[in-house]
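One-letter residues, chain by chain:
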Amino acid sequence: VPTGLLQISESSTRERGDQENALKFSLVLPTYNEAGNIAEIVKILSQLLDGYLPGQYELIVVDDNSPDQTWKLALELTPDYPQLRVMRRVDEKGLSTAVIRGWQVAQGEILGVIDADLQHPPEVLGQLLQEMEKGADLALASRHVEGGGVSEWSIIRRFLSRGAQMLGLLILPEVISRLSDPMSGYFMVRRSAIAGKSLSPVGYKILIEVAARGRIRWIAEAGYVFRERQAGESKVTWKQYIEYIQHLLRLRLSISARFIQFCLVGLSGVVVDMGFLYLLSDPSTLGLPLTRSKIIAAELAIINNFIWNDFWTFGDIARRQPGKRQRLKRLIKFNIICLVGLILNVLLLNVFFNVFNLNRYIANLLAIGLVTFFNFWFNLKLSWRV
Ligand code: GDD
Ligand code: MN
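Residues numbered from 1 in each chain as written. Chains lettered and ligands numbered in written order. Predicted model: local features only at pLDDT ≥ 70, side-chain atom pairs only at ≥ 80, totals over all residues.

Trainee: Could you clarify how one ought to interpret the sheet that holds strand E4 (residues 110-113) in this entry?
Mentor: Sheet strands line up and pair through hydrogen bonds in the backbone, either parallel or antiparallel. Strand order in the open sheet formed by 7 strands is E3-E2-E1-E4-E7-E5-E8, and the pairing between neighbours is mixed. Of all the strands in the sheet, the pair left with one neighbour each is strand E3 (84-88) and strand E8 (219-223). The average undirected angle you get between the axes of adjacent strands in this sheet is 20 degrees. In the sheet, strand E5 (residues 138-142) pairs with strand E7 (residues 187-190) via 3 bridges, with the strands oriented antiparallel. Its bridge partner being in E7, Leu140 is matched across the sheet by Phe187. In the packing of helix H2 (residues 38-52) onto the sheet, contacts are made with strand E1 (25-31), strand E2 (57-63) and E3, and the angle to E2 comes to roughly 160 degrees. Across the sheet, helix H3 (residues 70-77) is in contact with E1, E2 and E3; its angle to E3 comes to roughly 155 degrees. (Pairing = 2+ DSSP bridges. Helix = DSSP H or I, 4+ residues; strand = E, 2+ residues; numbered from the N terminus. Axes fitted to C-alpha atoms, helices over the stretch in contact; angles between N-to-C directions. Contact = placed C-beta atoms within 7 Å.)

Trainee: Mind showing me how you'd approach the site of ligand 1 here?
Mentor: The environment of ligand 1 is made up of 22 residues, and the closest members are Pro30, Ala98, Ala116, Gly185 and Lys235. Where the shell around ligand 1 is concerned, the elements lending two or more residues are E1, E2 and helix H4 (95-105). (Near = placed C-beta within 6 Å.)

Trainee: Even after reading the chapter, I still don't get the UniProt feature "domain: Glycosyltransferase 2-like" (unreviewed entry) in the protein, so can you show me in this structure?
Mentor: The feature "domain: Glycosyltransferase 2-like" (unreviewed entry), as given by UniProt, occupies residues 26-187 in the numbering adopted here. Along residues 26-187, the helical share is 41% and the strand share 19%, with 12 Å between the first and last C-alpha atoms. (UniProt positions renumbered as here; feature names shortened; annotations may be inferred.)

Trainee: Sorry, what's going on with the packing of helix H10 (residues 238-281) against helix H11 (residues 290-313) here?
Mentor: Each pair of packed helices can be summarised by the angle the axes make with each other and by the distance between the axes. The N-to-C vectors of H10 and H11 enclose an angle of 150 degrees; their axes lie 8 Å apart at closest approach. With respect to H11, the axis of H10 lies roughly antiparallel. Pair H10 / H11 crosses with right-handed handedness. (Parallel < 35°, antiparallel > 145°, perpendicular 65-115°, else oblique. Left-handed = near helix turned anticlockwise from the far one by under 90°.)

Trainee: For this particular structure, what's the right way to read the UniProt feature "transmembrane region" (unreviewed entry) in the protein?
Mentor: When the UniProt feature table is mapped onto this chain, "transmembrane region" (unreviewed entry) is found at residues 259-280, 334-355 and 361-380. Along residues 259-280 one finds 100% helix and 0% strand; the C-alpha atoms at either end are 31 Å apart. Secondary structure across residues 334-355 divides into 100% helix and 0% strand, with the first and last C-alpha atoms of the span separated by 30 Å.

Trainee: Looking at this model, I keep getting lost on helix H13 (residues 324-355). Mind explaining?
Mentor: Residue pairs three or four apart in sequence face the same way in an α-helix, which turns once every 3.6 residues. Over its 32 residues, H13 runs 45 Å from end to end, which matches the ideal 46 Å to within 8%, given 1.5 Å per residue. Restricting attention to buried positions, one finds in H13 the residues Arg330, Phe334, Ile337, Cys338 and Phe352. Tucked into the core, H13 has its buried residues touching H11 and helix H14 (360-383). Phi for Asn357, located one or two positions after H13, is positive at around 55 degrees. (Expected span 1.5 Å × (residues − 1). Buried ≥ 20, exposed ≤ 12 C-beta atoms within 10 Å, placed from the backbone.)

Trainee: Teacher, can you tell me more about the nonpolar core here?
Mentor: Considering soluble globular proteins, one finds that nonpolar side chains tend to be buried as a cluster. Ranked by size, the top nonpolar core spans 67 residues in total, and within it Leu29, Leu128, Leu138, Ala139 and Phe187 carry the most contacts. With 6 residues, helix H9 (residues 206-213) is the largest single contributor of residues to this core. Not counting residues within four places of it along the chain, the set of residues in contact with Ala139 comprises Leu128, Glu131, Met132, Phe187, Met188, Ala220 and Ala222. Among the nonpolar cores identified, the runner-up in size contains 8 residues, and Ala297, Ala301, Ile302 and Ile337 belong to it. (Core = buried A, V, L, I, M, F, W, Y, C linked by C-beta atoms within 7 Å.)

Trainee: Please clarify how the packing of H13 against H14 should be interpreted in this entry.
Mentor: Closest axis-to-axis distance for the H13/H14 pair is 8 Å, and the angle between their directions is 155 degrees. Taken together, the axis directions place H13 and H14 in an arrangement best described as roughly antiparallel. Where H13 crosses over H14, the handedness of that crossing is right-handed. In terms of residue class, the contact of H13 with H14 is made up of 17 nonpolar, 6 polar and 3 charged. (Nonpolar A, V, L, I, M, F, W, Y, C, P; charged D, E, K, R; others polar.)

The structure is reproduced here in structure tokens:
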């Protein structure tokens, strides 16, 4: 078992050594007590994939030392299935990390996951692979698009599933709204979309982690009907719901971290602006005219903010664009965007105050809030070019 950060490497071992035999597709089957299903699923998947990608795929069973000895049964299958590999984990547990550990040893360019209990119909793999061929970064099997559904779910389970989705939409809208079935555990992703990203999922929902942290532009979906279990039993308990909420909150914080840093830097700018306004314009100090003092103070605040943002907020990006010229370019763009933001601030303040008749301070707070988003977004996209 590889240890350390949960990261996937840029290129697979097989690709590095031997271009000819590069594997196209690695499919991970996480298992815990699936003795009654493992032989059947390996057989079906092998037949299917021997048809689609002969010799260019691998199946990776990742078993958490199941008491029913699923790992042993899987190992016994390997002589008959040359594309099958088995990982038995003894010092780590959990569905999401099992999937990532499998991907870490995988050699394929496309990484996939499917439940080993036959609840995910294997036939859908063909459609998902086609979508990846067309250029999708992520292809998921969904119960909530045409051709999808659940078989015999109780009202309560349907309600819980949809409730979890709604909660996701509230906490993490920019990620969850892109997926019709964010709870799906049946999907594939391009290695290059997640290579080098630190993945740290909690609990069951590895798809959300991948969609939130990966470089995912194109998402494709294919409908599937979630089948009933024939053998063994589900491992889901109330604990998975708690972990799901934890996971959403953790992703929210880490995705918003940059924006929070940007806001803190903005606050430091207010202090600089105020301080210099005092030093320059106060009768007890330099006593310069107010407007002239304010212009200088504002410009110094902008430079202060730039320095902090370039080293801290967007430091990771700035380090990839080294050199004095590049930094000067970023400073000029940052300056222009902040000035446009200032004009926008004045305009919005007037609209909120005069048109909507808001209290002037509330109007100004709203305007500042909106302009902060504006500044953040345009600086991210133009000054630091993400
Ligand atoms: N290695 C490992 N470790 N595998 C695990 C673990 C674990 O701790 N827990 C579960 N698995 C394996 C199971 O053996 C099975 O192959 C697969 O993960 C799914 O587990 P189930 O317990 O059968 O989950 P489920 O049927 O309730 O939920 C599935 O359907 C959801 C759709 O509602 C999961 O696949 C979800 O990912 C999926 O979104
Ligand atoms: Mn299941």
